[in-house]
Amino acid sequence: MNIPRQVSRREMLSRCGLGMGALTASSFLGLGEASATGSPLAARKPHYRGHAKRVIHIFLNGGPSQVDTFDPKPTLTKWHGKEIPNNLRTERPTGAAMASPFEFQNYGQSGLPVSELFAKTAAAAADDLCVVRSMHANVPNHEPSLMLMNCGDSILPRPSMGSWISYGLGTENENLPAFVVLCPGLPVKGAENWRSAFLPGSFQATHIDTTGKTVDQLIANLRNKKIGLDRQREQMDFLRSLNDKHLSQRQGNDAAEARLQSFELAYRMQMEATDAFDVQREPKYIREMYGDTRHGNEYLIARRLVERGVRFVQLWHGKGQPWDSHVEVEKNHRRLANECDQPLAALLTDLKMRGLLEDTLVIIGGEFGRTPTVELPSGGTSVNAKNGRDHNHHGFTVALAGGGVKGGHIHGATDEFGFKAVQDRVHVHDLHATILHLLGFDHTKLTYRYAGRDFRLTDVEGRIVRDIVA
Amino acid sequence: MRTPAPVRISFVFSCLLLGTTAAEYDFELGDQEYLFREAETHWSFQPLERPVPPTVKSDWPRNPIDRFIFSKLQESGMSPAKEASAETLVRLLFFDLIGLPPSPAEMDRWTKDWSEKKYRALVNHLLASPHYGERWGRHWLDVARYADTRGWLAAGREQRYPFAFTYRDWVVKALNEDMPFDEFCRLQIAADKMVGDDETRKDDLAALGFLTAGGRFLNRKDSIIDDRIDVVTRGMMGLTVTCARCHDHMFDPIPTADYYSLYGVFASTTEPKELPPIVDPDDMTEEQLEAEAKLAEMKTELTNFKDEVARKLRGPEKIAAHLEFSVRMKSLNRAKTISEALKASVFLKVAERWGRYLAAAQKSNDNLWSAWHAMAPHLVKGESGKAAAAFKKLSSANPAPPRRLLDLIAWVEPANLKELASIYADLIAETDATKPHPDATTEALRLVLNDPKGPLANITGNNIENFWDRKVSGSYRKLVIKFEGAVVDMPTIAPRAMVLEDMDKPFTPVIFERGDPSRRGDKVPRQFLTVLEDGKPEPFTNGSGRMELSEKITDPENPLTARVKINRVWMHHFGKPLVDTPSDFGLQAPEPVHRELLDWLATEFIRRDWSLKELHRLMIFSSTYRQETIGAEGAEKDPENRLWGRMESRRLEYEAMRDAVLAVTGELDRTLGGRPEELDGENATLRRAIYGHINRARPATSMLTFDVADPSLHAPRRAETTVPQQALFFMNSPFVQERVANLNALTKVKNPQQRIKKIYRRVFSRFPESHEIDAALAFVGDNEEKWEDLIQALIASNEFAFVD
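Residues numbered from 1 in each chain as written. Chains lettered and ligands numbered in written order. Predicted model: local features only at pLDDT ≥ 70, side-chain atom pairs only at ≥ 80, totals over all residues.

Draft legend 1. Spotlight on the overall build of chain B. Helix and strand content of chain B: 33 helices and 6 strands. In terms of overall dimensions, chain B is more spread out than a globule: its C-alpha atoms have a radius of gyration of 35 Å, far above the 28 Å expected for 804 residues. Once the C-alpha set of chain B is aligned to its principal axes, its extents read approximately 120 × 80 × 50 Å. Across the 804 residues in chain B, those meeting the buried criterion constitute 48%. (Helix = DSSP H or I, 4+ residues; strand = E, 2+ residues; numbered from the N terminus. Rg over C-alpha atoms; globule rule 2.2 N^0.38 Å. Buried ≥ 20, exposed ≤ 12 C-beta atoms within 10 Å, placed from the backbone.)

Encoded structure:
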């Protein structure tokens, strides 16, 4: 698909004496049908009818261990304490096999095996989960792997998946950002994980620092304590006229245009966000279902956001890289899963109850997995401890639910130890291609022209994993 | 030609390299031999040669920069943009050079009779302003990953650096004085060596904050050193040396050995406990002297605490407790020993000393302790009867225990170990004296504490920290935290430099394999990077080698330093850099379109003694700089503006934006330097944003919202995002609302047209056009309250936020 360059379009407009407002989003992006509002974030139709309309990405940052969650390995238990034949290289040296300290159990009609760490999630939604056990990435390091999982490239600054999807579909509620990131503080690589790179700035995520507890704390300056909304609307209209005039005298100033748009969004956000982020408006039993914890509130906010038409919600487990259990994987994974199992179970249940799960794709996973072997003591974090697991990009698990994926389904397999994906391997690019497919996009055609060529989320890679599509 | 090797990336790959052009590599990653060969021809490693500016047939060029620019434009069939208006240029120059908008009067003064002469005069005027150093100092502080705190530390520890601001102020001052950039760099690495005993240069010691004001990474030494290597190498030379911490660099000719050579330099330095004041005691103000006195008092409090703890060990209670515990601990395992000692308020190391002392006394059959040794083993088991029986036999022992002791024990009849210990403890404490005593028993008792082999020998307030337990050290830490906090909160205390100094014995580094300090590899000398030394680096011999390192970096033959600096300065003047990766000039950085221009500027920079102000003039006096942001051919032909056929439109960064809001409302406090102040909240400072307190672990929300670089790491370039939270700041923040109210009060005149003119002049440094007056009048109507809405809208507008 050839998308007309913004600049020439704007020049055309200035020649015609029209402002930006007269343009429809579809002509702006060369996508889908015309919208009434003319905003780059207006809802658009994808290439074909997709199963999923929106995405919740639960990012277990730091790298959860597959053999302790969704990929049971009896062989590993047999080899516990012994050197295994295929000890692959990861970030740090690892030694003998380390059996999972967690019990696995089969759940649902599908009999999906899940460890005790996600017992509540499995009990609530095993038959909705589609477990891709054969994921693999490029390198065993956080930063490049975060970039690959979020932006489709380990090295180059590229737009994030959420930005691409917002660009492709716009938002169903323009009074909220199309792409919201919930994270208390910042994860490793900070805002680079959700940047829009060369896509227009309006497709970048709005980061909500969930450290704050009240709505006012979540988004700073959300309320004007001096003037009412009506008067502010008039002020915004006046500001708009100033900015339109300013823009009409300039050529191709994307930054100025994005800034102009941001005031409209901010104005509407005042009302809508107050509502969307206020979990106290939920009945007590719902809040209790999620658990009245920070994590519970975040998952509940995620549901409230997608319910209100936010296109892509990315929910980070915590700042930094909480799942990075180089030591004491048992203790740490138990603590971490304990924080999110109930909220996740509640989210899936809640989405189902509301009929939202069928067109909401839930993605659960980290930037990579962990080794089935024990990390050997070295300097820094793992002094003298032999109870942790190193990073592992050779094989890891990502679980999906809703949005048109097969429920109670397992795709692919790692080797007998759970180290490397060996059967029906799925690269991160393939996962991206499949996610776009579920949303109704041909990943090779969702492109943006920049610096002389058409770019896409999957670059020159990506293969749709048909087996997981219902 | 080399045969492409398969990509091998399945091992350690911890450095994210931005700006690479290909995701696939036709060499084996980390193959240093190959990378060194590549470096031989890579543009940035080539010696600086002075290209001849092309000859062009046009009267557009004003200086050689323009000839390079014009020539490339011409090759592409393009021509430069028109020259921007006087008003545009005046506003641009003000923001670019001092980060503040021109006042209406300044706008009038400078645009009147606009000419080349006037333009140059304005540039010189602004370069002479003390605000120049604040503006350009802030750019350097991004490179220096400057913050006022140590970063995340264990609970309770004081995170704030009391004196980081002296480094910030030094940077501002050095730039204002146009200190040659090479010296500027050298001082930041080795000021202690350069200043020496020269009292007149004392304030240059503050330059070392470049190294010391970084994060403390939970006080992990290796991480602190890594951060220092990074800020020096990426910051000054655009080389990602720290990628070679765990393995040879994947993409650049930097073997791990080179990393550890530099590691050795920084590991051979130490930070003194007492930071030197940069003010002479003779020159201190009364307030400063008072603060110094108070500081001394607090320090005495700390010393007293330690002395007191040491003194108490010689008192009867502590002697008894330690005596008792030295016996009890024999039957306890290690963990239990530690916890029981803590419970008994006994210092384990001291109890062990008592234990060893008693064992020696037993061995030598010391009659002072024979009663102890006879009774204690029974008493510790609660068998006082057996102890009494053993005691009875003692009177016939040879040598007999001192009479006084025997009588005392007989009279007390100790029922438990504690009572026996107390008898001894009282006697020992009573006789504690420095002078020998004529009475033999008294003298024997006196010697327990005063013999050089005694259990408390050489334990004083100075070294008590090595002995005490975590309960006492916790109390002491609380005092220290209080002290550290007081130093930060005592604004009158004389400013001090965050210095470093060489250790007496420099450290010879070894390679840590895979970055792991427990896996020690080969020894390497402290020396400079191999690739910049024609493969033959000479070991450093002057102490840690910091002086030599700084000289290598600023050697005019160093191909990187000047190029990297030119690129950074260009980026700030022209809105984007010539080389897209300002902190990575390694093999992955493609040769820039305007390499010759870059090289010419670099040689010119060195030729003009590394003068930054000269460099600014060179760039700003060019025709290239004076172009409009709208190109002659539109943006079609060169959407990326790689050929500079127009200027880049720029949004004010956080600091300039905040300063500008305060400036137009007339509230800006232009005081220079000093301790940091809060940027947000009720006590938000009215000073320039560079004086805002930067918390490394948790920067002010407004800073984060407006893309201020994360101060945890050196930042090559700030991101520029547009998010609704930025808009909300202009719409709803109390900060903006207060500014608006003040400007409203300042511009309130009867005549509404006049009022609008005043407001426009203040906010945009220009008069409104008549249709703008009409629109504003229509907006306000007859509602007096809406004047504030109007002013707020103007401040929130793109015209205010962008410079173009």
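Draft legend 2. Examining the overall build of chain A more closely. Each helix and strand counted, chain A has 13 helices and 18 strands in total. Of all 470 residues assigned to chain A, the portion counted as buried reaches 59%. For chain A, restricting intrachain contacts to residue pairs at least 6 apart in sequence, the fraction spanning at least 24 positions comes to 75%. (Contact = placed C-beta atoms within 7 Å.)

Draft legend 3. Layout of the packing of helix α16 (residues 370-379) of chain B against helix α17 (residues 384-394) of chain B. All names here are of chain B. With their axes 7 Å apart at the nearest point, α16 and α17 run at an angle of 160° to one another. Our classification of the angle between α16 and α17 gives roughly antiparallel. Read as a crossing pair, α16 and α17 show a hand that is right-handed. Listed contacts from α17 to Ser370, Ala371, Ala374, Met375, His378 and Leu379 of α16 are Ser384, Lys386, Ala387, Ala390, Phe391 and Leu394. Its residues placed into classes, the contact of α16 with α17 shows 8 nonpolar, 3 polar and 1 charged. (Axes fitted to C-alpha atoms, helices over the stretch in contact; angles between N-to-C directions. Parallel < 35°, antiparallel > 145°, perpendicular 65-115°, else oblique. Left-handed = near helix turned anticlockwise from the far one by under 90°. Nonpolar A, V, L, I, M, F, W, Y, C, P; charged D, E, K, R; others polar.)

Draft legend 4. How the structure looks around the sheet that holds strand β11 (residues 389-392) of chain A. Residues and elements named next belong to chain A. Read from one edge of the open sheet, 3 strands run β2-β10-β11, paired in antiparallel fashion. Unpaired on one side and paired on the other, β2 (94-97) and β11 mark the two borders of the sheet. Strand-to-strand twist across the sheet, computed as the mean angle between neighbouring axes with direction ignored, equals 60°. Of the pairings in the sheet, the one linking strand β10 (residues 369-375) to β11 comprises 3 bridges and is antiparallel in character. Within β11, the residue paired with Val374 across the bridge is Arg389. (Pairing = 2+ DSSP bridges.)

Draft legend 5. Spatial organisation of helix α1 (residues 32-39) of chain B. When α1(B) is considered as a whole, its buried residues turn out to be B:Gln32, B:Leu35 and B:Ala39. The arc that holds the buried residues of α1(B), viewed along the axis, is 60°, so those residues lie on one side. (Arc of directions from axis to C-beta.)

Draft legend 6. Quick look at the pairing of strand β9 (residues 360-365) of chain A. All names here are of chain A. By the criterion of burial, β9 is predominantly enclosed, with 6 of the 6 residues buried. As paired elements, β9 and strand β12 (residues 396-401) share 3 bridges and run antiparallel to each other. Within the sheet, the bridge partner assigned to Ile363 lies in β12 and is Leu400.

Draft legend 7. Local environment of the pairing of β10(A). All names here are of chain A. Among the 7 residues of β10, 7 are classified as buried, and the element is accordingly described as predominantly covered. Bridging between β2 and β10 involves 2 bridges; their strand directions are antiparallel. From the neighbouring strand, Thr94 faces β10, where its bridge partner is Glu375.

Draft legend 8. Broad picture of helix α3 (residues 86-98) of chain B. Residue and element names in this part refer to chain B. The end-to-end C-alpha separation of α3 is 18 Å, in line with the 18 Å expected for 13 residues at 1.5 Å each. The buried fraction of α3 amounts to 10 of the 13 residues, a majority that puts the element mostly inside the structure. Those residues of α3 hidden inside the fold are in contact with α4 (104-111), α5 (116-127), α6 (130-143), α23 (561-574), α26 (654-664) and β6 (802-803). The first or second residue beyond α3 is Gly99, which carries a positive phi of 70°. (Expected span 1.5 Å × (residues − 1).)

Draft legend 9. Region of interest: unusual backbone geometry. Residue A:Asp459 is not a glycine yet carries a positive backbone phi of 50°. If you trace the backbone, A:Asp459 turns up in the segment after β18 (453-456).

Draft legend 10. Layout of the confidence of the model for chain A. Residue and element names in this part refer to chain A. This prediction gives chain A a mean pLDDT of 86; 87% of its residues lie at or above 70. Between residues 1-38, whose pLDDT stays under 50, and residues either more than four places distant or in other chains, the model counts 63 contacts. Contacts of residues 378-383 to residues separated by more than four positions or lying in other chains number 15 contacts, the stretch itself having pLDDT below 50. (pLDDT = per-residue confidence, 0-100.)

Draft legend 11. A look at the environment of B:Leu97. Residues and elements named next belong to chain B. Secondary-structure assignment places Leu97 in helix α3. For Leu97, a count of 24 C-beta atoms within 10 Å gives the class buried. C-alpha of Leu97 to C-alpha of Asp407: the two residues are 310 residues apart in sequence and 90 Å apart in space. Excluding its chain neighbours within four sequence positions, the residues that come into contact with Leu97 are Leu126, Leu127, Tyr132 and Arg135.

Draft legend 12. Seen up close, the packing of helix α29 (residues 734-747) of chain B against helix α32 (residues 786-796) of chain B. All names here are of chain B. Between α29 and α32, the shortest axis-to-axis distance is 9 Å and the interhelical angle comes to 115°. Crossing hand, α29 versus α32: right-handed. Residues Val736, Val740, Ala741, Leu743 and Asn744 of α29 form the contact with α32, whose participating residues are Trp787, Glu788, Ile791, Gln792 and Ile795. Of the residues assigned to the contact of α29 with α32, the class counts are 7 nonpolar, 2 polar and 1 charged.

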